[in-house]
Amino acid sequence: TDTGIRTDTDAMRLTPPPSTFAGAAARSLSAAALAALLSVSSITPSVPPAFGPAAAQAKELASGSGSRVNKDPISLLRLALPRVSKEARELQAGLEECQDNLARLNGQVASSALQKAKVAAGKSGAMLKSVPPAKAAEAQAALDTINAAMDEVGAKIAASRQGEALAATERALGAVTQLQEAMASGYAQPSPPKEFASLPYLKGRATVDLVLQPGKEHGQFDVEGKLYKQLEVKMVVDGYTSPITAGNFVDLVRRGFYNGMHIQRSDGFVVQTGDPSNELEGSGADAKKNGYVEGGKVRKIPLEVMVRGDKDPIYSATFDDDGRGGYAAAMPFNSYGALGMAREEYDPDSASSQWFWLLFDSDLTPAGKNLLDGRYACFGYTVDGARLLSDVKEGDIIASAKVSSGESNLVLPTAPALAVAAE
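Residues numbered from 1 in each chain as written. Predicted model: local features only at pLDDT ≥ 70, side-chain atom pairs only at ≥ 80, totals over all residues. Heavy atoms only, no water.

Student: Where do I start with the packing of aromatic side chains in this structure?
Tutor: Pairs of aromatic rings are described using the distance from one ring centre to the other and the angle between the two planes. In total, this model carries 11 aromatic pairs according to the counting rule given. Summarising the aromatic geometry, the rings of Phe-249 and Tyr-258 are spaced 5.7 Å apart at their centres and angled 35° between planes, so their arrangement reads as tilted. Each member of the pair, Phe-249 as well as Tyr-258, is classed as buried. Summarising the aromatic geometry, the rings of Phe-257 and Tyr-258 are spaced 5.1 Å apart at their centres and angled 85° between planes, so their arrangement reads as edge-to-face. For the pair Phe-257 and Tyr-258, one class covers both residues: buried. Ring-pair connections join several aromatic residues into one group, and the members of that group are Phe-249, Phe-257, Tyr-258, Tyr-292, Trp-355, Trp-357 and Phe-379. Arg-387 extends its terminal NZ or CZ atom over the ring of Tyr-336, reaching a point 3.9 Å from the ring centre. (Phe/Tyr/Trp six-rings, centres within 6.5 Å; stacked < 30°, edge-to-face > 60°. Buried < 20%, exposed > 50% of the residue type's maximum accessible area, 1.4 Å probe, protein only. Lys NZ or Arg CZ within 6 Å of the ring centre and 35° of its normal.)

Student: So what exactly am I meant to see when it comes to the nonpolar core here?
Tutor: A general tendency of soluble globular proteins is for nonpolar side chains to be buried together. One finds Leu-210, Leu-212, Val-237, Phe-249, Tyr-258, Trp-355 and Trp-357 to be the most contacted residues of the largest nonpolar core, which totals 45 residues. Elements with a contribution of two residues or more to this core: β1 (201–202), β2 (205–213), β3 (221–223), β5 (231–238), α8 (243–254), β12 (338–341), β13 (355–358) and β15 (397–405). With six residues, the single largest contributor to this core is α8. Excluding residues that lie within four positions of it along the chain, Val-237 makes contacts with Leu-202, Gly-204, Arg-205, Ala-206, Ala-246, Phe-249, Val-250, Leu-339, Phe-379 and Gly-380. By size, the runner-up hydrophobic cluster in this structure holds 34 residues, among which are Ala-113, Val-131, Met-183 and Tyr-240. (Core = buried A, V, L, I, M, F, W, Y, C linked by side-chain atoms within 4.5 Å. Helix = DSSP H or I, 4+ residues; strand = E, 2+ residues; numbered from the N terminus. Contact = heavy atoms within 4.5 Å.)

Student: Just checking my understanding: could you explain the sheet that holds β12 for this structure?
Tutor: Here we have eight strands laid out as an open sheet, ordered β6-β7-β13-β12-β14-β5-β2-β15, and antiparallel in their pairing. Both outer strands of the open sheet, β6 (265–266) and β15, are each paired with one neighbouring strand and no more. (Pairing = 2+ DSSP bridges.)

Student: Explain helix α4 (residues 107–121) to me, please; I cannot follow it from the model alone.
Tutor: Note that an α-helix has 3.6 residues per turn; residues three or four places apart therefore point the same way. In this model, α4 (15 residues) spans 20 Å end to end at C-alpha, consistent with the 21 Å of a helix rising 1.5 Å per residue. Burial in α4 covers these residues: Gly-107, Ala-110, Ala-113, Leu-114, Ala-117, Ala-120 and Ala-121. With its buried residues spanning 120° around the axis, α4 presents them on a single face. Those residues of α4 that are exposed and angled more than 90 degrees off the buried face are Gln-108 and Val-119. (Expected span 1.5 Å × (residues − 1). Arc of directions from axis to C-beta.)

Student: Is there a simple way to think about the packing of helix α3 (residues 86–103) against helix α6 (residues 136–158) in this case?
Tutor: To describe two helices that pack against each other, one gives the angle between their axes and the distance between the axes. Closest axis-to-axis distance for the α3/α6 pair is 13 Å, and the angle between their directions is 30°. Viewed along their axes, α3 and α6 adopt a mutual orientation that is roughly parallel. Two packed elements cross with a definite hand, and for α3 against α6 that hand is left-handed. For the pair α3 and α6, contact is made by Leu-91, Leu-95, Cys-98 and Leu-102 and by Ile-146, Met-150, Val-153 and Ile-157, respectively. Partitioned by chemical class, the residues of the contact of α3 with α6 number eight nonpolar, no polar and no charged. (Axes fitted to C-alpha atoms, helices over the stretch in contact; angles between N-to-C directions. Parallel < 35°, antiparallel > 145°, perpendicular 65-115°, else oblique. Left-handed = near helix turned anticlockwise from the far one by under 90°. Nonpolar A, V, L, I, M, F, W, Y, C, P; charged D, E, K, R; others polar.)

Student: I would appreciate a short explanation of the environment of Val-84 in the present structure.
Tutor: Within the secondary structure, Val-84 sits in the loop between α2 (73–79) and α3. Non-local contacts of Val-84, meaning those with residues more than four positions away in its chain, are made with Arg-89, Gln-180 and Met-183.

Student: What's the story with the pairing of β5 in this structure? I'm lost.
Tutor: A large share of β5 lies buried, amounting to six of its eight residues. Pairing analysis gives eight bridges linking β2 to β5, with the strands arranged antiparallel. For Val-208, the partnering residue across the bridge sits in β5 and is Met-235.

Student: So what exactly am I meant to see when it comes to the environment of Ala-88 here?
Tutor: Note that Ala-88 resides in helix α3. You can call Ala-88 buried: its relative accessible area is 1%. Residues Ala-88 and Met-183, spaced 95 residues apart in sequence, show a C-alpha to C-alpha distance of 9.5 Å. Other than its neighbours up to four places away in sequence, Ala-88 contacts Met-127, Gln-180 and Met-183.

Student: Looking at this model, I keep getting lost on the environment of Gln-230. Mind explaining?
Tutor: Here Gln-230 is to be found in the loop between β4 (226–228) and β5. C-alpha of Gln-230 to C-alpha of Leu-388: the two residues are 158 residues apart in sequence and 9.8 Å apart in space. If near-sequence neighbours (up to four positions away) are discounted, Gln-230 is found in contact with Val-211, Leu-212, Gln-213 and Phe-221. Separated by 3.2 Å, the side chains of Gln-230 and Glu-232 make a polar contact. (Polar contact = N/O pair within 3.5 Å; in protein donor to acceptor, adjacent residues only side chain to side chain.)

Student: Can you help me understand the confidence of the model for the chain in this one?
Tutor: The predicted coordinates of low-pLDDT regions are not to be read in fine detail. Of all residues in the chain, 78% have pLDDT values of 70 or greater, and the mean over the chain is 83. Contacts of residues 38–67 to residues separated by more than four positions or lying in other chains number 64 contacts, the stretch itself having pLDDT below 50. (pLDDT = per-residue confidence, 0-100.)

Student: So what exactly am I meant to see when it comes to the packing of α3 against α4 here?
Tutor: Interaxial distance between α3 and α4 falls to 8 Å at its minimum, and their mutual angle equals 165°. One way to sum up the angle between α3 and α4 is to call them roughly antiparallel. When the axes of α3 and α4 are compared, the crossing they make is left-handed. Here α3 contributes Glu-87, Glu-90, Leu-91, Gly-94, Leu-95, Glu-97, Cys-98, Asn-101 and Leu-102 to the contact with α4, which in turn contributes Val-109, Ala-110, Ala-113, Leu-114, Lys-116, Ala-117, Ala-120 and Ala-121.

Student: Can you walk me through the side chain of Gln-189 in this structure?
Tutor: Tracing the backbone through its elements, the reader meets Gln-189 in the loop between α7 (162–184) and β1. Classification of Gln-189 as buried rests on a relative accessible area of 12%. Here the side chain of Gln-189 touches Leu-202 through a polar contact of 3.0 Å, landing on its backbone oxygen. A distance of 2.9 Å separates a polar side-chain atom of Gln-189 from the backbone nitrogen of Gly-204. Setting aside anything within four residues of it in sequence, one finds Gln-189 in contact with Leu-202, Lys-203, Gly-204, Gly-239, Tyr-240 and Pro-243.

Have a look at this one:
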């Protein structure tokens, strides 16, 4: 049975896992269900090779690399930024460890982590050397904010006011993001390979705001007992690690392609949309063309995945195909509301317009490996309103999707977009 995340929505229903799936499927029913969803009957989860990326600290752990999984989309976005200095990473790690322990009401450990962050912040000269001259003033202002906030964190911890200490830590981390983005602004992002020159791509990042309304049979959204007439979510899409995937998505959003489209799948694992051929009766959609149609043809984009630490994405192949199964992804499917690109199971370059939110749950990840990483393109995260997705159902409607920032980072092709004739 074909049960992968793919562009034929009718084929994407959970079935019992194939009997040939070994190892993780037997560990729990939830792991088996996810394995069936991903249709990985020929792949046995394995521990990453010893010569793979070194173990990360604090929130940096990738899914499957340890018991502590970084589920914070803002942290994951920081970690995916290029051209960030070692000192800035140390500062981030210390503050995130402080934040994590304050949330756990463990003030003593939080105080120790804060000291690590202060040591890193003392290396401001080295950090400023990594910032382009045009961004130097902005970076210095961020460092000033970080130092002031860290002083406040220490005082609040000493006074056992951990809630206020946590708020100050979050302000410091916001400034860390500004500092790291200033460093990344000096990154000379390469263009995608020439064979994809006819596709749009994204340099850097963009933000997309999306509004969802309930379908006719849904009534109102009920999220943990609170009713909503509509849901608003904010997503950051990343062109550093998946320029074509992110660029294709931003291009379709700016065209209004998703406005008025229905949610076509919601099963507790993913919330998926983007197939115009699967719209409700009367929509006028062509059932033979399940993607973005331009000039009578469907625009296809390649599979685009990136190993953490690499300078460029891998195209048209999975991590396993590239001999690096189990390596950490630069943008892992760790966060609730992570954005993924749907494709046909056996054709890596079959994606077009269908995408999904992953309703991530670490209990659904078999020990030792996140089964999505390196097999599907993760091109962004939901940074606001992610938990609202829990009550989104099939038939609900995307009232609007807009690029609220970063549209100028979209690079449009000068030649006609790559397309294939719909069969």
